[in-house]
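# Secondary and tertiary structure notes
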Amino acid sequence: LLTWKATYHQKYLDATLLLEGRGRHDFKGCTYCESPDPLYRCIDCHGHWLYCAECIVERHRSEPLHLLERWTDDDYFEKCTLWALGLRIQLGHPRTVACPLVKRGHVDFVVIHVNGIHLVDVDFCGCPGSLDNFEQLLDVGWWPSSPLEPQTATTFPLLRLFHNLNLQGCIPPTDFYRALEQLHNAEGLVRLPDRLQQFMLTVREWRHIRMAKRAGRGNDPGGLNTTAQGELAIPCRSCPHPHINLPQGWEDAPSNTQ
Ligand SMILES: [Zn+2]
Ligand SMILES: [Zn+2]
Ligand SMILES: [Zn+2]
Ligand SMILES: [Zn+2]
């Protein structure tokens, strides 16, 4: 650490500050269409290149939960979102297809993801024979907090992350959720709807389904409701089990050494 500090710490600080500004962007125009004065960049995409509003929205139809920044007239980046630039997320169709019989999602629809808490505009598919709204959400890996008129969804990667942090790092759900709120909104300038209760409920549903999945309940023709008492239990690794961690002939040993 001392060598690094003596030789390199200034360079690391300079590089960090460079990224607070426009970095090494060549200022020739939007990285994609070359139109002049690109103002937007994505902090979740690789590289920090600048784009015009149209290109950055178009390039994020398959990454609708990335977070943006906008270069202001006062020469600094302010936080910005794809939602603010008008991105609507179409479910139930491939990403470039707009549903002809679209059903608008709730106006305060919230998605909880690894990079923070997002307000989004969701369009459900209303074509004949389309799936229920909650199933359209599950189809893209968003866990709806309720199967009826969902207003909140939590992404599968976030649920996996929380499961690990909670079990390995003992992070309580409330602290985890509050930290997520601060990720893109540390100043509290944006009023996000509070969906902590929905998140807690989702975590419990996720654990229930993971437990059933790991016990093979998804492959039983009888379904989850035919699960018998004790079927989800996990054998203890350190207890002795015949044919696994007991020597052969253990049952014939004298009872005082068994
Ligand atoms: Zn462009
Ligand atoms: Zn991005
Ligand atoms: Zn449709
Ligand atoms: Zn045991």
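If you check an unreviewed UniProt entry, the protein appears there as CxC2-like cysteine cluster KDZ transposase-associated domain-containing protein from Pleurotus eryngii.

## Remarks on the coordination of the zinc ion (ligand 2)
Looking at the zinc ion (ligand 2), one finds its protein donor set to be Cys 42 (SG), Cys 45 (SG), His 60 (NE2) and His 66 (ND1), positioned 2.0 to 2.2 Å from the metal centre. Here the zinc ion (ligand 2) is ringed by four donor atoms whose angles at the metal span 107 to 115°, and the overall shape comes out tetrahedral. Along the chain, the residues that donate to the zinc ion (ligand 2) are spaced as C-x2-C-x14-H-x5-H. Here Cys 45, found in the loop between strand 1 (40-42) and helix 2 (53-58), pairs with His 60, found in the loop between helix 2 and strand 2 (67-71); they are 15 residues apart in sequence, far enough to count as distant. Since its relative accessible area comes to 31%, Cys 45 is described here as partly exposed.

## Things to note about the coordination of the zinc ion (ligand 4)
Donor atoms from the polypeptide that bind the zinc ion (ligand 4) are Cys 236 (SG) and Cys 239 (SG), placed at 2.4 Å. A relative accessible area of 37% means that Cys 239 is categorised as partly exposed.

## Thoughts on helix 4 (residues 156-169)
End to end, helix 4 covers 19 Å across 14 residues, agreeing with the expected 20 Å (1.5 Å per residue, within 8%). Among the structural elements, strand 6 (110-113), strand 9 (142-144), strand 10 (152-155), helix 5 (173-183) and helix 6 (196-214) are those in contact with the buried residues of helix 4. Of the residues trailing helix 4, Cys 170 is marked for its positive phi of about 55°.

## A closer look at the domain arrangement of the protein
Its domain assignment divides the protein into domain 1 (25-86) and domain 2 (88-215). Each of domain 1 and domain 2 has a C-alpha centre, and these two points are 24 Å apart. In this assembly, 13 residues from domain 1 lie in contact with 14 residues from domain 2. Carbon and sulfur atoms make up 62% of the area that domain 1 and domain 2 hide from each other, which totals about 1,200 Å². Run the count over domain 1 and domain 2 and you get zero salt bridges.

Procedures and definitions
Residues numbered from 1 in each chain as written. Chains lettered and ligands numbered in written order. Predicted model: local features only at pLDDT ≥ 70, side-chain atom pairs only at ≥ 80, totals over all residues. Heavy atoms only, no water. Donors = N, O, S within 2.8 Å, 3.2 Å for Na, K, Ca; no water. Tetrahedral: all angles 85-135°; square planar, octahedral: opposite > 155°, others 65-115°. Helix = DSSP H or I, 4+ residues; strand = E, 2+ residues; numbered from the N terminus. Buried < 20%, exposed > 50% of the residue type's maximum accessible area, 1.4 Å probe, protein only. Expected span 1.5 Å × (residues − 1). Contact = heavy atoms within 4.5 Å. Domains from an automatic or database assignment. Buried area = accessible area lost by both parts, 1.4 Å probe. Salt bridge = Lys/Arg side-chain N within 4 Å of Asp/Glu carboxyl O.

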